[in-house]
Amino acid sequence: MEEMMRYGIVGVGMMGREHVANLAHLRSEGVVLTCIADPHPPSLDLTLDLARSLGLPSPQAFSGHMELLDSGLCDVVVVSSPNMTHFEILMDIIQHRKPHHILVEKPLCTTVQDCKKVVEAAKQRPEILVQVGLEYRYMPPVAKLIKVVKSGTLGHVKMVAIREHRFPFLVKVNNWNRFNINSGGTLVEKCCHFFDLMRLFAGANPVRVMASGAIDVNHKDEVYDGKVPDIIDNAYVIVEFDNGSRGMLDLCMFAEGSRNEQEISVVGDIGKGEAFVPESIVRVGMRKTGRDGVTTIKPEDERIKYDGLHHGSSYLEHLNFLAAIRGQGSSGPPVNLHDGLLSVAIGVAGQLSIEKGCFVTIEEVVSMTKTKSI
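What you see is a predicted model, and the numbers here were worked out from it, not measured in a lab.

Definitions and limits used
- Numbers given for residues are sequential positions, taken from 1 along each chain in its written order.
- With the structure being a predicted model, the display of local features is reserved for residues of pLDDT at least 70 and the display and counting of side-chain atom pairs for 80 or more, all residues being used for whole-chain, interface and lining totals.
- Computation of side-chain values: all heavy atoms of the structure, hydrogens and water removed.
- Lines fitted to C-alpha atoms define the axes, with helix axes restricted to the stretch in contact, and inter-axis angles between N-to-C directions lie between 0 and 180 degrees.
- Secondary structure is summarised from DSSP: a helix means a run of H or I of at least four residues, a strand means a run of E of at least two, and numbering begins at the N terminus for each.
- Angles below 35 degrees are treated as roughly parallel, those above 145 as roughly antiparallel, those between 65 and 115 as roughly perpendicular, and all remaining angles as oblique.
- Note on contacts: a residue pair is in contact if any heavy atoms of the two residues lie within 4.5 Å.
- Only Asp, Glu, Lys and Arg are considered charged in this grouping, and only Ala, Val, Leu, Ile, Met, Phe, Trp, Tyr, Cys and Pro are considered nonpolar; every other residue, Gly among them, is considered polar.
- Nonpolar core, defined: a set of buried Ala, Val, Leu, Ile, Met, Phe, Trp, Tyr and Cys residues in which side-chain atoms within 4.5 Å join the residues together.
- Whether a residue is buried, partly exposed or exposed follows from its accessible area with a 1.4 Å probe, protein chains only, as a fraction of its type maximum: under 20%, in between, or over 50%, in that order.
- Two strands pair under a simple rule: DSSP has to find at least two bridges between them.
- The term salt bridge refers to a side-chain nitrogen of Lys or Arg lying within 4 Å of a carboxyl oxygen of Asp or Glu.
- Disulfides are defined as cysteine sulfur pairs within 2.5 Å.

Enquirer: So what about the packing of helix 4 (residues 86-95) against helix 5 (residues 112-123)? Which residues, and what values?
Expert: It is the contact of helix 4 with helix 5, at a shortest axis distance of 10 Å, that shows an interaxial angle of 5 degrees. By the angle between their directions, the pair helix 4 and helix 5 is classed as roughly parallel. Here Phe 87, Leu 90, Met 91 and Ile 94 of helix 4 come into contact with helix 5, specifically with Asp 114, Lys 117, Val 118, Ala 121 and Ala 122. Considered class by class, the residues forming the contact of helix 4 with helix 5 number seven nonpolar, no polar and two charged.

Right, here's the structure in full:
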């Protein structure tokens, strides 16, 4: 039996409670949830109720993350607090006298500069593993398409198109996600997942970004403390990569009448692959065989014990991070801080592009001394 791995969760709103459920299904892997922290008492109460319903020992509850860190109760910290709190919390964890491995929800931080500071701080603590929660990589159809692309089946990837047509942003505690200053902007908050996937499929790094987006339907009649939300609800984003390939995101957050929430297309010089979520199918076709030669695959991952909110991807994310912790030294975390930083950089470049009406380079965004909140 592996040594018991003790987990703490900072931020137990909707996503934090999703992590509780995933960890409950990892008990057979030697995982135990020992403590939680959140300044919002109702969130703590809901989480303790959830733990009881899942048959878990009641975790110690704290109102602040420093109390959790000082308690010595955990070896791994999951950060699932609001986006704008990630930077301070991450720096406190990394600089704490006791080393804690970290799984931080996306986005890593709301600005590129804060991401860079976290990266530098983590370099000083090589004994700590930090993984970024870009778990869409692990959705079975997406993981299958990644495998197809990496095998060379499609040839050299030239175009990646990702469509997310979905429902509006959910209501969060104190409505923090209604404002760019808190979330980093829709292209950072929501779309860093897709920019991460584009990098994987293209096998390259981003060079420049052009975006067009607006607030056209959602949240326009909402007012919080006298302020109207400023988060965009639809956009087109073009990303150019250093190997000549291009990516395109088609985002619409008032498209509840969609069969699939995500549709991904990757086209190489000899073939095309597609993934559909939640339909959970992959299609692969070659230029030489045409339409009649397209095959349909129904990928499954037998390791998944809990589907949850993201089709089992959060469960697999935890499973992979746990393996990385236990095999520390043999490899780094599956999704590292560099991945997290670049996914944010593309989103920030997209937000700036919408404001400026022109291409924005990744170099420009990364070198800014202060990233403006759009």
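Enquirer: Kindly report on the nonpolar core, identifying the contributing residues and their values.
Expert: Counting residues in each nonpolar core, the largest one holds 111 residues, and the members touching the most others are Tyr 7, Leu 197 and Phe 201. Of all the elements, helix 11 (residues 337-356) adds the most residues to this core, at nine residues. What Leu 197 contacts, discounting residues up to four positions off in sequence, is Tyr 136, Arg 137, Val 142, Ile 146, Ile 162 and Ile 264.

Enquirer: Could you give an account of helix 4, with specific residues and numbers?
Expert: Those residues of helix 4 lying buried are His 86, Ile 89, Leu 90, Met 91, Ile 93 and Ile 94. On its buried side, helix 4 packs onto strand 1 (5-10), helix 3 (65-71), strand 4 (76-79), strand 5 (101-105) and helix 5.

Enquirer: Summarise the environment of Asp 307; cite the residues concerned and give the values.
Expert: Tracing the sequence through the fold places Asp 307 in the loop between strand 14 (295-297) and helix 10 (313-326). Along the backbone, Asp 307 and Asn 22 are 285 residues apart, and their C-alpha atoms lie at a distance of 8.7 Å.

Enquirer: Which residues make up unusual backbone geometry, and what values go with them?
Expert: In this model, Lys 106 is joined to Pro 107 through a cis peptide bond whose omega is -10 degrees. With respect to the helices, strands and loops of the structure, Pro 107 is situated in the loop between strand 5 and helix 5. Along the chain, Val 277 connects to Pro 278 via a cis peptide bond; the corresponding omega equals 10 degrees. The residue Pro 278 is located in the loop between strand 12 (271-277) and strand 13 (281-286) in this model. Of note in this structure, Asn 174 is not a glycine but carries a positive phi near 60 degrees. Summarising the element assignment, Asn 174 is placed in the loop between strand 7 (157-165) and helix 7 (180-183). By relative accessible area, Asn 174 is classed as exposed at 69%. Positive phi, normally seen in glycine, also occurs at Asn 175, with a value near 55 degrees.

Enquirer: Before we move on, could you go through the sheet that holds strand 3 (residues 60-62) and cite the residues and values that matter?
Expert: Taken together, the six strands give an open sheet; going across it, the order is 3-2-1-4-5-6, and neighbouring strands pair in parallel fashion. Each having just a single partner strand, strand 3 and strand 6 (130-133) make up the two edges of the open sheet. Put simply, the sheet's adjacent strands are angled 20 degrees from each other on average, direction ignored. In the packing of helix 4 onto the sheet, the strands contacted are strand 1, strand 4 and strand 5, and the crossing angle to strand 5 comes to about 175 degrees.

Enquirer: Account for the pattern of salt bridges, with residues named and values stated.
Expert: Where side chains of opposite charge bring their charged atoms close, a pairing between them can arise. One pass over the structure, following the stated rule, counts 19 salt bridges. In this structure, Asp 196 engages Arg 137 in a salt bridge whose closest nitrogen and oxygen atoms are separated by 2.7 Å. With Asp 196 in helix 9 (residues 192-202) and Arg 137 in the loop between strand 6 and helix 6 (140-150), the pair connects residues that are 59 residues apart, well separated along the chain. Between Arg 178 and Glu 222 there is a salt bridge, and its shortest N-O distance comes to 3.0 Å.

Enquirer: Could you give me a rundown of the state of the cysteines, with the residues and numbers involved?
Expert: Counted according to the given criterion, the structure contains zero disulfides. Of the cysteine sulfurs around Cys 74, a residue in no disulfide, the closest is that of Cys 35, at 3.9 Å. Cysteine Cys 358 shares no disulfide, and the gap to the nearest cysteine sulfur, in Cys 191, comes to 19 Å.

Enquirer: Go over the sheet that holds strand 7, please, and point to the residues and values.
Expert: Taken together, nine strands build an open sheet; the order of strands is 14-13-12-11-7-10-9-8-15 and the sheet is mixed. Of all strands in the sheet, those with a lone pairing partner are strand 14 and strand 15 (360-361), marking the two edges. Two elements, strand 8 (residues 206-214) and strand 9 (residues 234-241), share eight bridges in a ladder whose sense is antiparallel. In the sheet register, Ser 212 faces strand 9, and the bridge partner there is Tyr 236. Helix 6 rests against strand 7, strand 11 (262-268), strand 12, strand 13 and strand 14 of the sheet, and its axis sits at about 165 degrees to strand 12. The strands that helix 9 touches are strand 7, strand 8, strand 9, strand 10 (246-252) and strand 11; relative to strand 7, the one it contacts most, it runs at about 160 degrees.

Enquirer: Let's hear about the pairing of strand 11: which residues, and what values?
Expert: In terms of burial, strand 11 is a largely internal element, five of the seven residues being buried. Here strand 7 runs beside strand 11; their pairing, made up of seven bridges, is antiparallel. Note that in strand 11 the partner of Val 160 across the bridge is Val 266. Bridge count between strand 11 and strand 12: six bridges; the pairing is antiparallel. Looking at the pairing, Val 267 lines up with Lys 272 of strand 12.

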